[in-house]
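Spelled out from the first residue to the last, the chains are:
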Amino acid sequence: MRPKTKLQVQVFELSRALPKITAEQKQWALEKCLKHVAFRTKKAISCLDCGHIWTGPSVNKTLLSRLHTSCNCPSCGVKLEIQDSRNKKKLDQRHHIIAIIDVVKEFQVTRFFELNSHHKVGKKACQYLTEVVQHWFVPNGKVTVVARMAAFGYNSGFTGDLEIRPSNVSPNIGYGVDKYNIYADSIYPKVKVLPIYKRNGFTAKIKRTYPYSLFMNILTDSKVETLIKSKQFDLLATRLGSKKHLIDQYWNSIKICIRQKYIIKDAGVWLDYLELLRYFERDLRSPKYTCPKNLHQAHNQLVTKKRLVQKLKEADKMRQQIATAEPIYKLEKEKFFGLRFSDGNLTIKVLESVREFMEEGDTHHHCIFTNKYYKNKYSLCFSAQIKGVSVETIEVNIDSMKIIQSRGMQNKPSKFHDRIIELLNANLPLIKKRMVLKSSKNKISKQQGLASVA
Ligand SMILES: [Zn+2]
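Residues numbered from 1 in each chain as written. Predicted model: local features only at pLDDT ≥ 70, side-chain atom pairs only at ≥ 80, totals over all residues. Heavy atoms only, no water.

Caption draft 1: Seen up close, a positive patch on the surface. On the surface, a cluster of positive charge is contributed by K205, K207, R208 and K231. Position of R208 relative to the elements: it lies in the loop between α4 (195-199) and α5 (211-220). (Patch = residues over 30% accessible without salt bridge, like charges linked within 9 Å, V, L, I, M, F, W, Y side chains within 5 Å. Areas by Shrake-Rupley, 256 points an atom, 1.4 Å probe, with all protein chains shown as cover. Salt bridge = Lys/Arg side-chain N within 4 Å of Asp/Glu carboxyl O. Lys, Arg positive; Asp, Glu negative; His and termini not counted. Charge placed at Lys NZ, Arg CZ, Asp CG, Glu CD. Helix = DSSP H or I, 4+ residues; strand = E, 2+ residues; numbered from the N terminus.)

Okay, here's the thing in structure tokens:
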């Protein structure tokens, strides 16, 4: 888009006069923002940075070599992370966004570069650093965006020239925000900011963030300023992200941490842990709970505890479910109770309670209980047992008098499957007889009823 307003003309001119990325900045990007990897096979180690291949402690099966997770390339000297790979030949590191924060005249400027790096065994890595977006703004003023065109879809790159782009960059992150408010995976540590941002605590120690959201919120959101000044950078990232409300929700606990000089290194886990503390109704203002020495351990303990509580609740629910279903099942299927067929050590018996459905489901890990087969009017279920141990569960349709299914462990047939089918098929008339028996009883009682009316 051609610059139209006076502001756009000014920004565009300043933008064109910006210096290229310096050698020092480029070196920082390639060294600090990419992974440096070596592929290790049985025979050799390959440096994916310079392409050097050498034979080293390469036996990737011994415990000793597995302990070596990094090494230095004997050719380029870079410290490499070892990945054991038999067939892998390529590695791509794409769309890593780095931000350079600068001041130009009265403007606070953020320049975003996209770093792409392609690696192939035996070849020197191919690396591209392309400037894709610039934000130009004055404190609490409108942002002017100079950028390449953002391709459609998340993280799918940029095309075209650096031009003024129509943009509605919002300082709030969330669904549907402007594609030009982009996330910086890394920020060049030598930052230049306008005095007002410096006064409100902006520091180069912030590593990954949405720079525009940070600049805007630092002036309007006192919690952002507090989090920066107390070096709670991980909570700051949450504050600027889509889970902003959690910082409000647990602000009192956060203040306790700040007072105790307890730095939260993993905000995701800590907030999850606070949620668990709340579930167990612990005192969220007590440092004993909010500042655990070992966060991950404390978090995992509560996760285990909560699972246990949930399991007990589920068991309780199941007991109630069974208690309600039991009399109905008995009423419907009692006429079949006692049916039992044997062929040597194989016995097939009708399931006589809902509890037995649950036991069959537990034994074989199939869904006979969870899918409530005991409620099915036309299903009659049996357990096929060898020496009293269930090997398969069988479903017979009592309307069509056909065996619908017979399944063992994880819905698979057991080695007794054919014998089970044969034995049950031979005894289907006995099941039918029970139905006839009952229905003739019904008939008789109906006739008696009619007779008495007459
Ligand atoms: Zn190398």
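Caption draft 2: The arrangement of the pairing of strand β14 (residues 379-386) in detail. Where burial is concerned, most of β14 is hidden: eight out of the eight residues are buried. Side chains of β14 alternate between two faces, with S379, C381, S383 and Q385 and L380, F382, A384 and I386 buried alike. Inspection of the sheet shows strand β13 (residues 346-350) paired to β14 by five bridges, in the antiparallel sense. Across the sheet, the residue bridging to K349 is S383, located in β14. Pairing geometry for β14 and strand β15 (residues 389-397), over eight bridges, is antiparallel. Considered in β15, the bridge of A384 is made with E392. (Buried < 20%, exposed > 50% of the residue type's maximum accessible area, 1.4 Å probe, protein only. Pairing = 2+ DSSP bridges.)

Caption draft 3: Fine view of the side chain of Q385. One can find Q385 in strand β14. For Q385, a relative accessible area of 16% gives the class buried. A distance of 3.1 Å separates the side chain of Q385 from the side chain of S383, its partner in a polar contact. When near neighbours in sequence (up to four residues on either side) are disregarded, Q385 contacts N345, L346, T347, K349, S390 and V391. (Polar contact = N/O pair within 3.5 Å; in protein donor to acceptor, adjacent residues only side chain to side chain. Contact = heavy atoms within 4.5 Å.)

Caption draft 4: Geometry of the domain arrangement of the protein. Taken domain by domain, the protein consists of domain 1 (6-166) and domain 2 (329-438). Relative to domain 2, the C-alpha centre of domain 1 lies at a distance of 63 Å. (Domains from an automatic or database assignment.)

Caption draft 5: Here's a closer look at the coordination of the zinc ion. Those donors, C47 (SG), C50 (SG), C73 (SG) and C76 (SG), are the protein atoms that reach the zinc ion, and they lie 2.2 to 2.4 Å from it. Each of the four donor atoms around the zinc ion contributes to a set of angles spanning 105 to 116°, which defines the coordination as tetrahedral. A residue is classified by how much of its surface remains accessible, and C76, at 34% relative accessible area, is partly exposed. (Donors = N, O, S within 2.8 Å, 3.2 Å for Na, K, Ca; no water. Tetrahedral: all angles 85-135°; square planar, octahedral: opposite > 155°, others 65-115°.)

Caption draft 6: Structural detail: the sheet that holds strand β7 (residues 107-120). Here six strands make up an open sheet; going across it, the order is β10-β9-β8-β7-β6-β11 and the pairing mixed. Taken across any chain shown, the strands that pair with only one partner, and hence form the sheet edges, are β10 (158-164) and β11 (186-187). Relative to β11, strand β6 (residues 90-104) is paired through two bridges, and the arrangement is parallel. Each residue of the ladder has a partner; that of A99, found in β11, is I187.

Caption draft 7: Summary view of the environment of D248. For D248, the location among the structural elements is in helix α8 (residues 244-249). For D248, a relative accessible area of 36% gives the class partly exposed. Separated by 25 residues in the primary sequence, D248 and K223 place their C-alpha atoms 8.6 Å from one another. Residues contacting D248, with those up to four places away along its chain left out, are K223 and R239.

Caption draft 8: Representation of the pattern of salt bridges in the model. According to the stated counting rule, one finds 14 salt bridges in the structure shown. Across the pair D248 and K223 runs a salt bridge, and its minimum N-O distance is 2.7 Å. On the criterion of sequence distance, the pair formed by D248 in helix α8 and K223 in helix α6 (residues 222-229) is long-range, its members being 25 residues apart. In this structure K223 comes out as buried when scored by relative accessible area, which is 18%. A salt bridge links R239 to D248; the nearest nitrogen and oxygen atoms lie 3.0 Å apart.

Caption draft 9: View of the sheet that holds β13. Read across the sheet, five strands follow the order β12-β13-β14-β15-β16 without closing on themselves; strand pairing throughout is antiparallel. Each end of this open sheet is capped by a strand with a single partner; those strands are β12 (340-343) and β16 (402-407). Between one strand axis and the next, the sheet turns through 20° on average, direction left out of account. Each of β13, β14, β15 and β16 touches helix α13 (residues 354-364); the most contacted strand, β15, lies at about 120° to it. (Axes fitted to C-alpha atoms, helices over the stretch in contact; angles between N-to-C directions.)

Caption draft 10: Spatial organisation of unusual backbone geometry. One non-glycine residue with positive phi stands out, namely K105, at about 50°. Classification of K105 as exposed rests on a relative accessible area of 65%. Backbone geometry at E281 places phi at a positive 55°, although glycine is not the residue there. When you line up the elements, E281 lands in the loop between α10 (267-279) and α11 (287-290).

Caption draft 11: How the structure looks around the pairing of β12. Bridge analysis of β12 against β13 gives four bridges, and the strand direction is antiparallel. Directly across from F341, in β13, lies its bridge partner I348. Hairpin connection of β12 to β13: two residues between the antiparallel strands, including G344 at a positive phi of 65°.

Caption draft 12: Quick peek at helix α12 (residues 295-333). Between the first and last C-alpha of α12 there are 54 Å, a value that for 39 residues agrees with the 57 Å anticipated at 1.5 Å per step. At A325, α12 shows its strongest bend, of approximately 30°, with the proline P327 following within four residues. Residues of α12 that are buried in the fold lie against α10, α13 and β14. Measuring from the backbone nitrogen of H296 back to the side-chain oxygen at the start of α12 gives 3.4 Å, which picks out N294 as the cap. (Expected span 1.5 Å × (residues − 1). Bend = angle between axes of the 7 residues up to and from the residue.)

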